[in-house]
Amino acid sequence: METVGGLLREWRHSRRLSQLDLALAAGVSPRYVSLIETGRSRPSADMVLRLAAQLDVPLRHRNRLLVAAGFAPRYRERPLDEPDMSAVRDAVARVLQAHEPYPALVVDRRWNILMTNAPVAHFLADVDPQLLVPPVNMVRLGLDPRGLASRIVNLAEVRSFFRARLSRQVARTGDPVIGALYDEFFAEDEPDGSVPRLESEVAIPMVIRLGGGEVRLFSTITTFGTPQDVTLEEISIESYYPADADSAAILRGMAGPAEAAHDHGR
């Protein structure tokens, strides 16, 4: 049975903090942190959330901490396709459509594609249909030879970039599904199980063969600020921009009539 103390200790270890570090950050005594972790003191819901905030625990796992401490979850989780999320969907769809004629898409915490704009279809034209069966996974789509990998000119750089992002995500969330996705593409790179050095945050252009030419793209990531909903915290908008004038011209030349952003399925 999970205990709030045991879970907090796991998060503290994953963040490489001592009890003293956490206590100072949260404004409590190291002894109090020790009492919570060993189950000799039951923290209030507010204290659980204070400690979780200092540990940068994702909202999904803050709910788990609260339940382990005997409290109700604090943060709602509503699928993006639920009726009461229509305002969020409409806002995201407008962002996607406004980005045309350049590609943009929405992914969830496990890199499953939830929505795309019209230009994304140009990149999927030659992809193996099996990779397009929902849930369509962005990492698998990009790195599988049946997907985009065979058309990415600088595949080694793109793999390195994804490797660093997935590694950070595993470290932050502990999600076993992300861990399995990492192992699917990168386990052979690390036979000793070592953690890779994180790459630079400087944008790495992706060079992909498209429309008889080569398109150079760089990406930006948009997330919701200070979300109070699990779903909103876990989705992001990946927007791609042409890195040069020739790439912009190719994408503008491929653009058709404006289309509404559409669901890509779960």
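Within every chain, residues take consecutive numbers counted from 1 along the sequence as written. Totals for whole chains, interfaces and linings use all residues, but because this is a predicted model, local features are given only for residues with pLDDT of at least 70 and pairs of side-chain atoms are given and counted only at 80 or more. Hydrogens and waters are ignored; side-chain quantities use all the structure's heavy atoms.

### Concerning the overall build of the protein
Only DSSP runs of H or I with at least four residues qualify as helices, and only runs of E with at least two residues qualify as strands; both kinds are numbered from the N terminus onward. When helices and strands are counted, the protein shows 12 helices and six strands. By principal-axis analysis of the C-alpha atoms, the protein measures approximately 65 × 45 × 30 Å. The long-range share in the protein, meaning contacts at least 24 apart out of those at least 6 apart in sequence, stands at 62%. Here the accessible surface of atoms and residues is derived via Shrake-Rupley with a 1.4 Å probe, and residues count as covered only by protein chains that are part of the display. Of the roughly 13,600 Å² that the protein leaves accessible, carbon and sulfur atoms contribute 54%. Charged side chains of the protein number 31 positive and 35 negative; the gap between the two group centres comes to 7 Å. We call two residues contacting when some pair of their heavy atoms lies within 4.5 Å. His is not counted here, nor are the chain ends, while Lys and Arg score as positive and Asp and Glu score as negative. Lys charges are placed at NZ, Arg charges at CZ, Asp charges at CG and Glu charges at CD.

### Brief notes about the layout of surface pockets
For the largest pocket, the calculated volume is near 640 Å³. Space inside and on the surface of the protein is sampled on a 1 Å grid over the protein atoms alone, with a cavity defined as a set of points where a 1.4 Å probe fits but cannot get out and a pocket as an open set with protein on both sides within 12 Å along at least 5 of 7 lines; lining residues have an atom within 4 Å of a point. Lining the largest pocket are 23 residues, with Arg109, Gln169, Arg172, Glu233 and Glu234 positioned closest to its centre. Only helix 5 (59–68), helix 9 (155–173), helix 11 (230–234) and strand 5 (236–242) provide two or more residues apiece to the lining of the largest pocket. Among the elements that make up the lining of the largest pocket, the one with the highest residue count is helix 9 (five residues). Grid points are joined across faces, edges and corners, and a volume is the space filled by probe spheres set on the points.

### What about the packing of aromatic side chains?
Pairing of aromatic rings covers Phe, Tyr and Trp, the last counted by its six-membered ring, and requires centre-to-centre distances within 6.5 Å; plane angles under 30 degrees mean stacked, over 60 mean edge-to-face, and any other angle means tilted. Taken as a whole and assessed by the stated rule, the structure comprises four aromatic pairs. Where Phe185 meets Phe186, the ring centres are 6.5 Å apart and the plane angle is 55°; that geometry is what we call tilted. Per residue, the accessibility class of Phe185 equals that of Phe186, and both read buried. Among the aromatic side chains, those forming a connected cluster through ring pairs are Tyr182, Phe185 and Phe186. Exposure categories follow from relative accessible area, calculated using a 1.4 Å probe and restricted to protein chains: below 20% of the type maximum is buried, above 50% is exposed, and the middle band is partly exposed.

### Side note on the nonpolar core
With 33 residues, the main nonpolar core has Trp111, Met138, Val139, Phe162 and Leu166 as its most contacted residues. Those elements that place two or more of their residues in this core are strand 1 (104–107), helix 7 (120–124), helix 8 (138–143), helix 9, helix 10 (176–186), strand 3 (206–210), strand 4 (213–222) and helix 12 (245–254). With five residues, helix 10 is the single largest residue contributor to this core. In this structure, Phe162 is in contact with Trp111, Met138, Val139, Leu143 and Phe186, ignoring residues within four places of it in sequence. To form a nonpolar core, buried Ala, Val, Leu, Ile, Met, Phe, Trp, Tyr and Cys residues must be joined to one another through side-chain atoms within 4.5 Å. Trp11, Ala23, Val33 and Leu51 belong to the second largest nonpolar core, which has 24 residues in total.

### Overview of the pairing of strand 1
Both faces of strand 1 are covered, namely the face carrying Ala104 and Val106 and the face carrying Leu105 and Val107. As judged from the four bridges shared by strand 1 and strand 5, these two strands associate in the antiparallel manner. Within strand 5, the residue paired with Val106 across the bridge is Ile237. Two strands form a pair only when DSSP identifies at least two bridges running between them. Alignment of strand 1 against strand 2 (residues 113–116), held across three bridges, turns out to be antiparallel. Each residue of the ladder has a partner; that of Leu105, found in strand 2, is Thr116. Count of turn residues in the strand 1/strand 2 antiparallel hairpin: five residues, of which Trp111 carries a positive phi of about 70°.

### Thoughts on the packing of helix 9 against helix 10
For the pair helix 9 and helix 10, the least separation of the axes is 9 Å and the interaxial angle reads 150°. Classified by the angle their axes make, helix 9 and helix 10 are roughly antiparallel. Considering the relative orientation of helix 9 and helix 10, their crossing is left-handed. Only Ile178, Gly179, Leu181, Tyr182, Phe185 and Phe186 of helix 10 make contact with helix 9, whose side of the interface consists of Arg159, Phe162, Arg163, Leu166, Ser167, Gln169 and Val170. Class assignment for the residues of the contact of helix 9 with helix 10 results in eight nonpolar, three polar and two charged. Axis definition: a line fitted to C-alpha atoms, limited for helices to the stretch in contact. Angles are taken between N-to-C directions and run from 0 to 180 degrees. When an angle is under 35 degrees it counts as roughly parallel; over 145 it counts as roughly antiparallel; between 65 and 115 it counts as roughly perpendicular; any other value is oblique. Handedness of a helix crossing follows the sense of rotation of the near helix relative to the far helix, less than a right angle counterclockwise being left-handed and clockwise being right-handed. All amino acids are sorted into three groups, where Ala, Val, Leu, Ile, Met, Phe, Trp, Tyr, Cys and Pro are nonpolar, Asp, Glu, Lys and Arg are charged, and the leftover types, Gly among them, are polar.

### What to know about helix 4 (residues 45–54)
The complete set of buried residues in helix 4 reads Ala45, Met47, Val48, Leu49, Leu51 and Ala52. Buried-residue contacts for helix 4 involve helix 1 (4–14), helix 2 (19–26), helix 3 (30–37) and helix 5. Asp56 sits one or two residues past helix 4 and shows a positive phi near 55°.

Geometric descriptors of this kind do not, in isolation, establish any biological role.
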